[in-house]
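Observations on the three-dimensional arrangement
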Amino acid sequence: MAKMEERLDSIVERYNEINEEMMKPDVVSDRKTMAKLGREQNELTPIVETYQEYKQAESEYADAKELSKEEDKELRELGQAEIERLEPLMQEYLDKLELLLVPKDPNDSHNCILEIRGAAGGDEGNIFAGDLFRMYSKYCESKGWKIEVIEAEDSEAGGYSLISFKVNGDGAYGTLKFESGSHRVQRVPKTEAQGRIHTSTATVLCMPEIEEEDFDIDMNDLEIETMRASGAGGQHINKTDSAVRIIHKPTGIIVKCQDGRSQHENRATALMTIRARVYEEHQRELDEKNDAERRTKIGTGDRAEKIRTYNYPQNRVTDHRIGYTVNQLDRIMDGRLDDLMNALQLADQQAKLAGEKS
């Protein structure tokens, strides 16, 4: 406990430092510094508040111990009753602090970029990719987060063969990062005349938005091309070279962006996306080298990993990584994902805690 208290005291000290920094005029006028300090403050607030509640309970416990030694019987009983109330409460605070102190991904507070692709099942896989996009869109709307489409390849039958979009919102990546993997759907496709259930898949990749100063890409490694945009998008389509395609030569990662209103806007969005994709690949390689880190994850984040099944005939959703099953598929597809996201976050915390203790 002494070691934990020492760590908590240093967190409180840092929290107070941040508050002082954010009052300084030169910091207030620096948007990037304010945003960085704000993110750190948000991360530390639940730890500091829980620790303050624990210290308050600890102080009351010490008073109750003294009261339980009084000669007066009523005072002794009052002290003993307080001891019995406070002991489980203090343990509850300690358990909560133990979870809160589990090392967090520094990118959890960032915006994120999601990429959904229709996979197995042809047209039905693409239609399901569109269903997943709508599901995430509704969820983000309920959280007050904003969505910006980066790239979309429509499917003739409906849905998308590919759609990538940015989610702007505090903690968006920390919440949505567990969505990476293969999502399987079991239902009767609209094109199925005999009413047979088909199984199709769509894959999801979730990446944190990475600031330029946090991860440097060598511009010499990039091949940047401009071209005429295609498809729907207004009068400028096919009239100007507004679309931008960037290839990261060392990894072969390709990003295309054409939804912006200018080449400058598309270039900025494509650079942001390629930075996130290359960072994700870099992290994946690091995780493969570090087996301990991979063991504490609830999933590998690999696109090929089957993470969830959406069974329409039985109105059932199952997350295979944590054994979570609900017969509320209609609610899930309507974007009501809070319970599922909370279960995934709790499982992740417990996996990390078990990894730290082992």
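Here goes a summary of the coordinates provided. None of the values given here were measured: they were computed from a predicted structure.

Quick notes on the rules
- Residues numbered from 1 in each chain as written.
- Predicted model: local features only at pLDDT ≥ 70, side-chain atom pairs only at ≥ 80, totals over all residues.
- Heavy atoms only, no water.
- Helix = DSSP H or I, 4+ residues; strand = E, 2+ residues; numbered from the N terminus.
- Buried < 20%, exposed > 50% of the residue type's maximum accessible area, 1.4 Å probe, protein only.
- Contact = heavy atoms within 4.5 Å.
- Areas by Shrake-Rupley, 256 points an atom, 1.4 Å probe, with all protein chains shown as cover.
- Pairing = 2+ DSSP bridges.
- Axes fitted to C-alpha atoms, helices over the stretch in contact; angles between N-to-C directions.
- Core = buried A, V, L, I, M, F, W, Y, C linked by side-chain atoms within 4.5 Å.
- Parallel < 35°, antiparallel > 145°, perpendicular 65-115°, else oblique.
- Left-handed = near helix turned anticlockwise from the far one by under 90°.
- Phe/Tyr/Trp six-rings, centres within 6.5 Å; stacked < 30°, edge-to-face > 60°.
- Salt bridge = Lys/Arg side-chain N within 4 Å of Asp/Glu carboxyl O.
- Disulfide = S-S within 2.5 Å.

Assigned secondary structure in the protein chain consists of 10 helices and 11 strands. A total of 358 residues make up the protein chain; the buried ones form 42% of that total. The contacts in the protein chain between residues at least 6 apart in sequence include a share of 62% that link residues at least 24 apart. Surface summary for the protein chain: the accessible area is close to 19,600 Å², and the carbon and sulfur share equals 46%.

Overall, mixed pairing links the 8 strands, which are arranged β2-β3-β1-β5-β4-β9-β10-β11 in an open sheet. A strand with exactly one partner marks an edge of an open sheet, and here the two such strands are β2 (146-154) and β11 (324-326). Neighbour to neighbour, the strand axes of the sheet diverge by 15 degrees on average, direction disregarded.

The strand order across the open sheet formed by 3 strands is β6-β7-β8, and the pairing between neighbours is antiparallel. One side of each edge strand has no neighbouring strand; the edge strands of this open sheet are β6 (222-227) and β8 (253-257). Sheet twist, expressed as the average angle between the axes of neighbouring strands with direction ignored, equals 15 degrees. With 6 bridges joining them, β6 and strand β7 (residues 243-248) adopt antiparallel strand pairing. Paired with M227 across the bridge in β7 is A243.

If you look at soluble globular proteins, the nonpolar side chains tend to sit buried side by side. The biggest cluster of nonpolar side chains holds 35 residues, and the ones touching the most others in it are L114, I116, L132, Y136, V167, L176 and Y310. Of all the secondary-structure elements, those providing two or more residues to this core are β1 (112-118), α5 (123-143), β3 (160-168), α6 (172-176), β5 (198-208), β11, α9 (329-333) and α10 (338-357). The greatest single-element share of this core, amounting to 8 residues, is contributed by α5. Aside from chain neighbours lying at most four places away, what touches L114 is Y136, I163, S164, F165, V167, L176, V204, L205 and C206. With 23 residues, the next largest nonpolar core counts Y61, M90, Y93 and L100 among its residues.

We now examine the packing of helix α1 (residues 2-21) against helix α3 (residues 31-67). Here α1 crosses α3 at 130 degrees, and the two axes come no closer than 9 Å. In this view, α1 runs oblique relative to α3, as classed from their interaxial angle. The hand of the α1/α3 crossing is left-handed. In this structure, α1 contributes E5, L8, D9, I11, V12, R14, Y15, I18, N19 and E21 to the contact, and α3 contributes L37, E40, Q41, L44, T45, I47, V48, Y51, Y54, K55 and E58.

On to the pairing of β8, then. Of the two faces of β8, the one holding I253, V255 and C257 is buried and the one holding I254 and K256 is not buried anywhere. Judged from the 5 bridges that link them, β7 and β8 form a sheet pairing that is antiparallel. Residue I246 lies in a different strand from β8, and its bridge partner there is V255. Counting the residues in the hairpin turn of β7 and β8 gives 4 residues, including G252, whose phi is positive at 80 degrees.

A few words on the packing of aromatic side chains. The final tally for this structure, using the stated rule, is 4 aromatic pairs. For the ring pair F133 and F165, a centre distance of 5.0 Å and an interplane angle of 70 degrees mean the geometry is edge-to-face. Taken together, the residues span a long stretch of sequence, with F133 in helix α5 and F165 in strand β3 at a distance of 32 residues. Between Y139 and W145, the aromatic rings sit 6.1 Å apart at their centres with planes inclined by 85 degrees, giving edge-to-face as the arrangement.

Attention shifts here to the pattern of salt bridges. With the rule as written, the count across this model stands at 23 salt bridges. E58 is the partner of K55 in a salt bridge, and the nearest nitrogen-oxygen pair spans 3.4 Å. A residue pair is termed a helical-turn pair when its members lie 3 or 4 positions apart in one helix, as K55 and E58 do in helix α3 at 3 residues. Under the relative-accessibility criterion, K55 is labelled partly exposed at 33%. Between D131 and R134 there is a salt bridge whose closest N-O contact spans 2.4 Å.

A few words on the state of the cysteines. For the coordinates displayed, the defined rule picks out 0 disulfides. We note that C140 lacks a disulfide partner, and the nearest cysteine sulfur, in C112, lies 6.9 Å from it. Of all cysteine sulfurs in the structure, the one in C112 sits closest to C206, which takes part in no disulfide; the separation is 4.0 Å.

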